[in-house]
Amino acid sequence: MQTTEPPGGARPTSRDVARAAGVSQATVSLVLGDKWRGRVSERTAGIVRDAARDLGYRPNLAARNLRLGRTRTALLVVPALTNEFFARVYTGAATVAARHGFGVVLYPSPEGVGPAKDPFASARAALDGVIASSMAADALTAFHGTDLPLVMLDSDPADTGAAAQVNLDIADGMRQVTDHLLALGHRRFLHLASAVPSWTFDVRAAALAEALRGTEVRTVRAPLDVAGARAATEQALAAPGPRPTAVICDDDILAAGACKALRRLGLRVPEDVSVTGFDDLALATAVEPELTTVRLPAERIGEQGMAALLAVLAGEEPERGHIPVTLVERASSGPAPTP
């Protein structure tokens, strides 16, 4: 087994051990906390111990005290609370935390996406663990090299740097959208994709491409705001060639911008062009016609994220599996127009 030294001679963390052993951080906690029997195979336990020895890993006793519940504080890293979705994620996490005597503090990015200033530089040692959205991944640089357990929300399952992951069944949500539109006779599509680099949007794009193979699909990217989505839609519809009969949007905000662009161009929704969203924000029923969209249970993500962190802190394996999502059919989608 090959091991990788932490960069710059930094003190190795349990995350480094997990990466070297090819296991989750939760498994490392079980093995090194001598709670692995009946949960982890002897072979895997041996690999973890060998990786820890080769890296010179020594448990951080201060961090271990924290994980015994001395501070009972979790950090939630999200792009911005101005986004309704992440406000609901916080509500879910805080609800579960309160039941267990924990508090949740926030680390939002002021720009909505990307790194935030580090207000916890002196208080990091007073945290038990971190729950983070993949859309705020850059903000996690402040916690690199620490031994804090990390629970990732809506993130790449192949990433071994997290102690646990809580994922929505995003791919199935996009398949529900495409199945709905194909059943309505649509064969020419515009995919209004988010310009934000994130695993969750990559999954949407891949699922859409697979489901719509053999149809006409054009993809344009737009910032996550109504004005940017409107401009991108207008530009796409001005291109030569047959007009798409359906616009599939990565987000409800993008869908609102698409609807605005269609109205400005004198097109009717859904008689001329159908529009679908993703998230089921309050905005979905505030626009006219109301949006067909995929409902993402944001509070449940927060609840399971906090539950996963509590399991890791207790040396237990967190619950696995994807959270189901649901297509909500409303008035913005209808039969494809006849030629």
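Just above sits the structure.
Residues numbered from 1 in each chain as written. Predicted model: local features only at pLDDT ≥ 70, side-chain atom pairs only at ≥ 80, totals over all residues. Heavy atoms only, no water.

**A closer look at the packing of aromatic side chains**
(1) Moving on: Tallied over the entire structure, the rule returns 1 aromatic pair.
(2) Moving on: Measuring from ring centre to ring centre gives 5.2 Å for Phe85 and Phe86, while their planes differ by 90°; the resulting arrangement is edge-to-face. Each member of the pair, Phe85 as well as Phe86, carries the same accessibility label: buried. (Phe/Tyr/Trp six-rings, centres within 6.5 Å; stacked < 30°, edge-to-face > 60°. Buried < 20%, exposed > 50% of the residue type's maximum accessible area, 1.4 Å probe, protein only.)

**Brief notes about the side chain of Asn167**
(1) Moving on: Position of Asn167 relative to the elements: it lies in strand β5 (residues 164-168).
(2) Moving on: From its side chain, Asn167 meets the backbone nitrogen of Asp154 in a polar contact 3.1 Å long.
(3) Moving on: Within the local environment of Asn167, its side chain forms a polar contact with the backbone nitrogen of Ser155, the two atoms lying 2.7 Å apart.
(4) Moving on: Leave out the neighbours within four places in its chain, and Asn167 touches Leu153, Asp154, Ser155, Pro157, Trp199, Gly321, His322 and Ile323. (Helix = DSSP H or I, 4+ residues; strand = E, 2+ residues; numbered from the N terminus. Polar contact = N/O pair within 3.5 Å; in protein donor to acceptor, adjacent residues only side chain to side chain. Contact = heavy atoms within 4.5 Å.)

**Thoughts on the sheet that holds strand β9 (residues 274-276)**
(1) Moving on: Spatially, β7-β6-β8-β9 is the arrangement adopted by the 4 strands of the open sheet, whose pairing is parallel. Here the strands that pair on one side only, and so sit at the sheet edges, are β7 (216-222) and β9. The mean inter-strand angle of the sheet, taken between neighbouring strand axes irrespective of direction, is 20°.
(2) Moving on: Looking at chain direction, strand β8 (residues 246-249) and β9 are connected through 3 bridges and run parallel. Residue Ala246 lies in a different strand from β9, and its bridge partner there is Ser274.
(3) Moving on: Across the face of the sheet, helix α6 (residues 170-183) comes into contact with β6 (188-194), β8 and β9 while running at roughly 170° to β8. (Pairing = 2+ DSSP bridges. Axes fitted to C-alpha atoms, helices over the stretch in contact; angles between N-to-C directions.)

**Observations concerning the pattern of salt bridges**
(1) Moving on: All told, the structure shown has 10 salt bridges when counted by the stated rule.
(2) Moving on: Here Asp272 makes a salt bridge to Arg268, at a shortest N to O gap of 3.1 Å.
(3) Moving on: Relative accessible area serves as the criterion here: at 48%, Arg268 is assigned to the partly exposed category.
(4) Moving on: Here Arg295 makes a salt bridge to Asp280, at a shortest N to O gap of 2.7 Å. Separated by 15 residues along the polypeptide, Arg295 in strand β10 (residues 293-295) and Asp280 in the loop between β9 and β10 bring together distant segments of the chain.
(5) Moving on: The class of Asp280 is buried, set by a relative accessible area of 11%.
(6) Moving on: A single network of salt bridges, built from pairs that share partners, joins Asp50, Arg53 and Asp54. (Salt bridge = Lys/Arg side-chain N within 4 Å of Asp/Glu carboxyl O.)

Structural measurements only, silent on function.
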